[in-house]
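In case you want the letters, here they are:
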Amino acid sequence: MSDFTPTRRQILGGALALGAAATVLTPDQGSASTALMPLRAVHRFTLGSMTVTVIDDARFTFPAAMFATNQPPDSIATFLARYHLPTETVSANMQITLVETADRKVLLDTGMGDVTFPGNTPDNGRLTAGLAAFGVSPDEITDVVISHGHPDHIGGCSLDGRPCFPNATYHVPAEELEFWTQTPGSEESFLNTMIAIGRAKLGPLQGLIRTYGDGEILAPGITALAAPGHTIGHHVFHLKSGDASLLHLMDAALHHLVGPEEPDWALAVEMHPDTAAATRRRLFQQAADAGTLVAGYHFPFPGLGRIVEMGKAWRFVPLQTA
């Protein structure tokens, strides 16, 4: 696994920057209804012998300044205006991927569940409805693969103290499990809120968790690749079946335009911005060189496309899915 050990100051710095942007996460009080929101959109396709389903789980809005914390204040507004996008806020999708491979039904992350971003109307927790659209029940999920421990990726792991997928093995990076299940401090802070949610969501999975690391095959055709910087043990996933392949970028890039075109711009949520930038550059170059299909967890639905090289940066080209 790639060497990456951020200092506590680096971790707190990224966390407090997000807190300053007024986006501290809290569980939604109407958790039962939020976790059962109706289906909005799904996209289903084959990748070799795999069947891949992308489920639209949530949409949310963040302050635009979060996407360029190491740049002059007007940089992100100028960038967004170039594409005729709002300059004060950035809206993002969130999609969960179900991979059916061999006799396994594998979820890549679990979305928001009953966690809602402050300032946003609850618009999350559509995973159950997305699975039901194809006749898949929570009991049939064999594996849940967690890329990292942020609430928008583990929110659907458990609900009301019970695993949402009781027959699944939950694969969690070892560093992420240790960090997000520690006892939070007593003071009110963004970091302690995040840790508390991590403990609440991962705690009920005792006995179901298996830790993993860089290069491990988690299910037939699904390989985990260390992609640190966003968090301590953030991973992306390479799907391969025959000659077909897909690189799921998870949160290596949160925005489909900013990430590829300005890979060195720091995000407020990144624990180690310099490492995150290096990870982005490495993954984008690999994807561009190979011409492989890529997926982005927060890219516009269904988040599929290719990365093409553009001088010293890259561009995300959405796949035509209609």
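On a predicted model such as this, the values are computed, not experimentally measured, just so you know.

### What about the overall build of the protein chain?
Working step 1: Counting its regular elements, the protein chain contains nine helices and 18 strands.
Working step 2: Across the 322 residues in the protein chain, those meeting the buried criterion constitute 55%.
Working step 3: A sequence separation of at least 24 residues applies to 71% of the contacts in the protein chain between residues at least 6 apart.
Working step 4: As displayed, the protein chain has an accessible area near 13000 Å², and 53% of this comes from carbon and sulfur atoms.

### Topic: the environment of His153
Working step 1: If you trace the backbone, His153 turns up in helix H5 (residues 151-154).
Working step 2: Given a relative accessible area of 0%, His153 falls into the buried group.
Working step 3: Once residues within four sequence positions are removed from consideration, His153 is found in contact with Asp109, Thr110, Gly111, Ile146, Ser147, His148, Asp251, Tyr297 and His298.
Working step 4: A polar atom in the side chain of His153 sits 2.8 Å from the side chain of Asp251.

### Things to note about the side chain of His248
Working step 1: Among the secondary structure elements, His248 is positioned in strand E15 (residues 244-248).
Working step 2: Of the polar contacts made by the side chain of His248, one reaches the side chain of Thr97; its length is 3.5 Å.
Working step 3: Residues contacting His248, with those up to four places away along its chain left out, are Thr97, Leu108, Val236, Phe237, Ala295, Gly296 and Tyr297.

### Quick notes on the nonpolar core
Working step 1: Grouped together as the largest cluster of nonpolar side chains are 72 residues, with contacts concentrated most on Leu107, Leu131, Ile141, Phe165, Phe237 and Leu239.
Working step 2: With seven residues, strand E3 (residues 50-63) is the single largest residue contributor to this core.
Working step 3: In contact with Phe237, not counting residues within four places along its chain, are Leu108, Val145, Ile146, Ser147, Tyr212, Leu218, Thr223, Ala224, Leu246, Leu247, His248 and Met250.
Working step 4: Of all hydrophobic cores here, the second largest spans 15 residues; its members include Ala227, Leu249, Ala253 and Phe316.

### Observations regarding unusual backbone geometry
Working step 1: For the peptide bond that leads from Phe301 to Pro302, omega is 5 degrees, which places it in the cis range.
Working step 2: Here Pro302 lies in the loop between strand E16 (293-295) and strand E17 (304-310).
Working step 3: Phi at Asp109 takes a positive value of approximately 70 degrees, unusual for a residue other than glycine.
Working step 4: Mapping Asp109 onto the fold places it in the loop between strand E5 (104-108) and strand E6 (115-116).
Working step 5: Residue Asp109 is classed as buried on the basis of its relative accessible area of 0%.

### Points about helix H9 (residues 273-290)
Working step 1: Here H9 is 18 residues long and its end C-alpha atoms lie 26 Å apart, about the 26 Å a rise of 1.5 Å per residue gives.
Working step 2: For H9, the complete set of buried residues consists of Thr275, Ala276, Ala277, Thr279, Arg280, Leu283, Phe284 and Ala287.
Working step 3: In this fold, the buried residues of H9 make contact with strand E14 (235-241), E15, helix H8 (258-261), E16, E17 and strand E18 (313-318).
Working step 4: In the segment just after H9, Gly291 is the residue with positive phi, at about 65 degrees.

### As for the pattern of salt bridges
Working step 1: Summed over the entire model, instances satisfying the criterion amount to nine salt bridges.
Working step 2: For Glu100, the salt bridge is made with Arg44, and the minimal N-O distance between the two is 3.1 Å. Taken as a pair, Glu100 in strand E4 (residues 89-101) and Arg44 in strand E2 (residues 42-47) lie far apart in primary sequence, 56 residues in all.
Working step 3: For Glu100, a relative accessible area of 17% translates into the label buried.
Working step 4: The class of Arg44 is partly exposed, set by a relative accessible area of 35%.

### Structural notes on helix H3 (residues 75-82)
Working step 1: Of all the residues in H3, the buried ones are Ser75, Ile76, Phe79 and Leu80. The arc that holds the buried residues of H3, viewed along the axis, is 120 degrees, so those residues lie on one side.
Working step 2: Along its buried surface, H3 packs onto E4 and H8.
Working step 3: Just beyond H3, the residue with positive phi is His84, at close to 60 degrees.

### Quick word on the sheet that holds strand E11 (residues 209-212)
Working step 1: Within the open sheet, the seven strands sit side by side as E2-E3-E4-E5-E7-E10-E11. Their pairing is mixed. The outermost strands of the open sheet, each flanked by one partner alone, are E2 and E11. Taking the axes of each pair of neighbouring strands and ignoring which way they run, one obtains an average angle of 25 degrees across the sheet.

Calculation notes
- Residues numbered from 1 in each chain as written.
- Predicted model: local features only at pLDDT ≥ 70, side-chain atom pairs only at ≥ 80, totals over all residues.
- Heavy atoms only, no water.
- Helix = DSSP H or I, 4+ residues; strand = E, 2+ residues; numbered from the N terminus.
- Buried < 20%, exposed > 50% of the residue type's maximum accessible area, 1.4 Å probe, protein only.
- Contact = heavy atoms within 4.5 Å.
- Areas by Shrake-Rupley, 256 points an atom, 1.4 Å probe, with all protein chains shown as cover.
- Polar contact = N/O pair within 3.5 Å; in protein donor to acceptor, adjacent residues only side chain to side chain.
- Core = buried A, V, L, I, M, F, W, Y, C linked by side-chain atoms within 4.5 Å.
- Expected span 1.5 Å × (residues − 1).
- Salt bridge = Lys/Arg side-chain N within 4 Å of Asp/Glu carboxyl O.
- Arc of directions from axis to C-beta.
- Pairing = 2+ DSSP bridges.
- Axes fitted to C-alpha atoms, helices over the stretch in contact; angles between N-to-C directions.

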